[in-house]
Amino acid sequence: MTTKRIFLAVMLTVVSTACAGTQVRDMGGEATRGDVLETLAARRPASVFAGEASIKVDTVAGKQNATLHFLVSPALTFRGDLTTVFGIPLASLVVTGSEIAYHEVGRNRFVMGNVVDARGLLLIPLDPGEFLSVVTGVPPIERYDAARTRVVERKDALLIQMAGEADNALAMRVDRRGGLVREMIFMPAGVKVLFEKYRSTSNGPMPEAVRIVNPENDTEATVKLGGWDFAPDVQPGAFVLEPPPGTQQFRIMPKPQGDASR
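Residues numbered from 1 in each chain as written. Predicted model: local features only at pLDDT ≥ 70, side-chain atom pairs only at ≥ 80, totals over all residues. Heavy atoms only, no water.

1. Regarding the pattern of salt bridges
Enumeration over the complete set of coordinates arrives at 12 salt bridges. For the salt bridge of Arg79 with Asp81, the shortest nitrogen-to-oxygen distance reads 3.2 Å. Overall, Arg79 belongs to the buried group, its relative accessible area being 16%. The partly exposed category is assigned to Asp81, whose relative accessible area is 24%. Of the charged contacts in the structure, one is a salt bridge between Arg143 and Glu130, with a shortest N-O distance of 3.7 Å. Pair noted here: Arg143 is in the loop between helix H3 (128–136) and strand E7 (145–153) and Glu130 is in helix H3, with a separation of 13 residues, a long-range link. Overall, the relative accessible area of 28% leaves Arg143 in the partly exposed class. Given a relative accessible area of 5%, Glu130 falls into the buried group. In the salt-bridge network here, residues are joined through shared partners; they are Asp127, Glu130 and Arg143. (Salt bridge = Lys/Arg side-chain N within 4 Å of Asp/Glu carboxyl O. Buried < 20%, exposed > 50% of the residue type's maximum accessible area, 1.4 Å probe, protein only. Helix = DSSP H or I, 4+ residues; strand = E, 2+ residues; numbered from the N terminus.)

2. Side note on unusual backbone geometry
For the bond running from Met187 to Pro188, omega is 15 degrees, close enough to zero to count as cis. Along the chain, Pro188 falls in the loop between strand E10 (181–187) and strand E11 (191–201). Backbone geometry at Leu76 places phi at a positive 65 degrees, although glycine is not the residue there. Along the chain, Leu76 turns up in the loop between strand E2 (62–72) and strand E3 (78–83).

3. Notes on the nonpolar core
Phe70, Phe131 and Ile212 are the most contacted members of the largest nonpolar core, which totals 57 residues. Excluding residues within four positions of it along the chain, Phe70 makes contact with Phe49, Ala50, Gly51, Glu52, Ala53, Phe78, Arg79, Gly80, Val135, Leu225 and Trp228. (Core = buried A, V, L, I, M, F, W, Y, C linked by side-chain atoms within 4.5 Å. Contact = heavy atoms within 4.5 Å.)

4. A few points about the environment of Ile124
With respect to the helices and strands, the residue Ile124 is situated in the loop between strand E6 (109–114) and H3. Classification of Ile124 as buried rests on a relative accessible area of 1%. Taking the C-alpha atoms as reference, Ile124 lies 8.5 Å from Ile55; in sequence the two are 69 residues apart. In this structure, Ile124 is in contact with Ile55, Val57, Phe131, Ile212 and Ala221, ignoring residues within four places of it in sequence.

5. Structural notes on the pairing of E2
Of the strand pairs in this sheet, strand E1 (residues 49–59) and E2 are connected by 11 bridges, and their pairing is antiparallel. Counted as the bridge partner of Ser54 is Thr67 from E2. Counting the residues between successive antiparallel strands, the hairpin from E1 to E2 contains 2 residues. Note: E2 against E3, 6 bridges, orientation antiparallel. Looking at the pairing, Phe70 lines up with Gly80 of E3. In this antiparallel pair of consecutive strands, E2 and E3, the connection spans 5 residues, and Leu76 shows a positive phi of 65 degrees. (Pairing = 2+ DSSP bridges.)

Below, the structure written as structure tokens:
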């Protein structure tokens with residue numbers, strides 16, 4: 001077992017075992033598990049906003065750079081347009097609930113399917129729904145079972161573990177003051193998302209620097225966020241993506257249960 005895997009296993013074990021008989025507290029006083037989840041959900045955006053993400057990926061095969069211009073709605077519908085650093089279009093995607101539509105320009109193909117089966121489309125080892133958490137700082141708690149949530153109180157942080165279907169789980173470290181998410185680990189793949197810096201904006205704190213580590217293949221990505229616009233000019237159909245004429249259309253096939261690449 002690698003050092004990274006040991007760390008992930010230890011963190012999840014701490015959350016699983018330390019909360020037996022532990023009183024759950026929120027930032028300023030006693031709280032229930034529901035209070036903690038409500039605090040996280042309250043960070044959802046109140047209105048449509050736009051921004052830009054500079055993505056840099058370092059792999060054993062080399063480095064990749066791209067820019068993502070995005071729109072996010074209060075319902076967490078997500079529109080992204082991926083370009084090279086020189087502005088050449090690479091792909092567009094729209095995430096609506098659990099569904100994704102994705103147009104890859106260079107290969108002239110249009111892909112549809114469940115968002116959890118679309119891991120890696122944005123160069124990073126997350127599916128587009130998980131990447132939305134990078135942009136907003138709002139963990140995808142709706143994917144997991146609230147009744148199977150464990151919370152451990154530490155001096156400055158809450159350690160939270162949420163279980164989902166099969167062996168999927170989400171571990172988080174959240175500030176007790178302000179409720180900002182500092183770390184997320186998506187299991188079973190063990191992909192770690194570190195929120196290294198937030199920026200104060202007119203819409204509250206927003207992630208500015210995020211690092212993503214994939215222990216499966218030692219891939220590391222950095223995401224720099226900015227260009228926030230909390231009153232963008234949203235065109236009709238901005239959150240709709242249709243296949244352009246002449247594109248090849250495909251449906252993403254679900255991965256087998258237990259596939260760690262999910």
